[in-house]
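Geometric and topological summary
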Amino acid sequence: MTLKPAAAGSGIVFVRTDLAGARVPARFDAVTDTRLGTTISGESDASVATVEHLTAAAWGCGIDNLEVEIDGPEVPVMDGSSEPFVFLLDCAGRQTLPAPRQWIRVLRPVTAENGSGRITLLPDPILSM
């Protein structure tokens, strides 16, 4: 797996080098499975599993544009946390891009339910988790 800088506004994109460079965007609408990890799917039915630790590390490091070249269907699990990815991203450094970040602003409560599970997003003037 190789992490490369990406252009402003491109987001995080996984590139399956074993599948002729099929691109899989790390977006909410690309999620196709969440059992035992998060799997995303893109063009040509390419998918990448266990993306959550790497994408969480990128978010925590303030990185929102990244190209991830990967030669198989799964991100290495490492120690099962985001820490090894944070360490490697810190070692590599960051570059500020000359473009404003794009954000999604929640304007009204949004709830999603699945069986006994439920999550709700609420409007807030500041980012909170």
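On a predicted model such as this, the values are computed, not experimentally measured, just so you know. (Residues numbered from 1 in each chain as written. Predicted model: local features only at pLDDT ≥ 70, side-chain atom pairs only at ≥ 80, totals over all residues. Heavy atoms only, no water.)

Things to note about the side chain of Asn65
Convention followed: Secondary structure elements follow DSSP: runs of H or I of four or more residues count as helices, runs of E of two or more count as strands, with numbering from the N terminus. Three exposure classes are used, based on accessible area relative to the maximum for each residue type with a 1.4 Å probe and protein chains only: buried under 20%, partly exposed in between, and exposed over 50%. Here a polar contact is recorded for every N or O atom pair within 3.5 Å, except that within protein the pair must consist of a potential hydrogen donor and a potential acceptor, and residues adjacent in sequence are included only if both atoms are side-chain atoms. By definition, residues are in contact when any of their heavy atoms lie within 4.5 Å.
Looking at the element boundaries, Asn65 is found in the loop between helix 1 (52–60) and strand 7 (66–70). Here Asn65 falls in the buried class, since its relative accessible area comes to 13%. Polar contacts involving the side chain of Asn65 include one to the main-chain amide nitrogen of Ser10, which spans 3.0 Å. One polar contact links Asn65 to Asp64, side chain to side chain, over a distance of 3.2 Å. Those residues in contact with Asn65, other than ones at most four positions away along the chain, are Ala6, Ala7, Ala8, Gly9, Ser10, Gly11 and Leu97.

Notes on the pattern of salt bridges
This is how the line gets drawn: Within this document, salt bridges are pairs made up of a side-chain nitrogen of Lys or Arg and a carboxyl oxygen of Asp or Glu, the two lying within 4 Å of each other.
Applying the stated criterion to the full structure yields 7 salt bridges. The salt bridge involving Asp18 is made with Arg16; its shortest N-O contact spans 2.7 Å. The partly exposed category is assigned to Asp18, whose relative accessible area is 38%. Arg16 gets classed as buried once you look at its relative accessible area, which sits at 6%. Note that Arg27 is salt-bridged to Asp29, the shortest N-O span being 2.9 Å.

Quick word on the environment of Leu122
Structurally, the position occupied by Leu122 is in the segment after strand 9 (117–121). Among the residues examined, Leu122 registers a relative accessible area of 57% and is labelled exposed. Separated by 16 residues in sequence, Leu122 and Val106 have C-alpha atoms that sit 6.6 Å apart. What Leu122 contacts, discounting residues up to four positions off in sequence, is Val106 and Pro109.

Describing the nonpolar core
Side chains of a nonpolar character, in soluble globular proteins, are inclined to be buried together. Quick reminder of the rule: Only buried residues count toward a nonpolar core. Its members are Ala, Val, Leu, Ile, Met, Phe, Trp, Tyr and Cys residues joined through side-chain atoms within 4.5 Å.
By size, the foremost hydrophobic cluster in this structure holds 20 residues, and its most contacted members are Phe14, Ile40, Val48 and Val75. Elements represented by at least two residues in this core include exactly strand 2 (12–16), strand 3 (22–25), helix 1, strand 7 and helix 2 (83–92).

Digging into the side chain of Thr50
Relative to the assigned elements, Thr50 resides in the loop between strand 6 (47–48) and helix 1. The buried category is assigned to Thr50, whose relative accessible area is 12%. Polar side-chain contacts of Thr50 include one of 3.5 Å to the side chain of Glu74. With residues up to four places along the chain from it excluded, the contact list for Thr50 reads Thr38, Glu74 and Val75.

Overview of the sheet that holds strand 1 (residues 2–5)
Here is the rule: In short, DSSP must find at least two bridges between two strands for them to pair. Only the stretch in contact is used when a helix axis is fitted, and all axes are lines through C-alpha atoms; the angle between N-to-C directions ranges over 0 to 180 degrees.
Across the sheet, which stays open at both edges, the 4 strands sit in the order 1-7-2-3 with mixed pairing between neighbours. Of all the strands in the sheet, the pair left with one neighbour each is strand 1 and strand 3. Neighbouring strand axes in the sheet, compared pairwise and without regard to direction, differ in orientation by 25° on average. Bridge analysis of strand 2 against strand 7 gives 5 bridges, and the strand direction is parallel. The partner of Ile12 across the bridge, within strand 7, is Leu66. Against the sheet, helix 1 contacts strand 1, strand 2 and strand 7, and its axis sits at roughly 145° relative to strand 2.

That is the geometry; function is a separate question.
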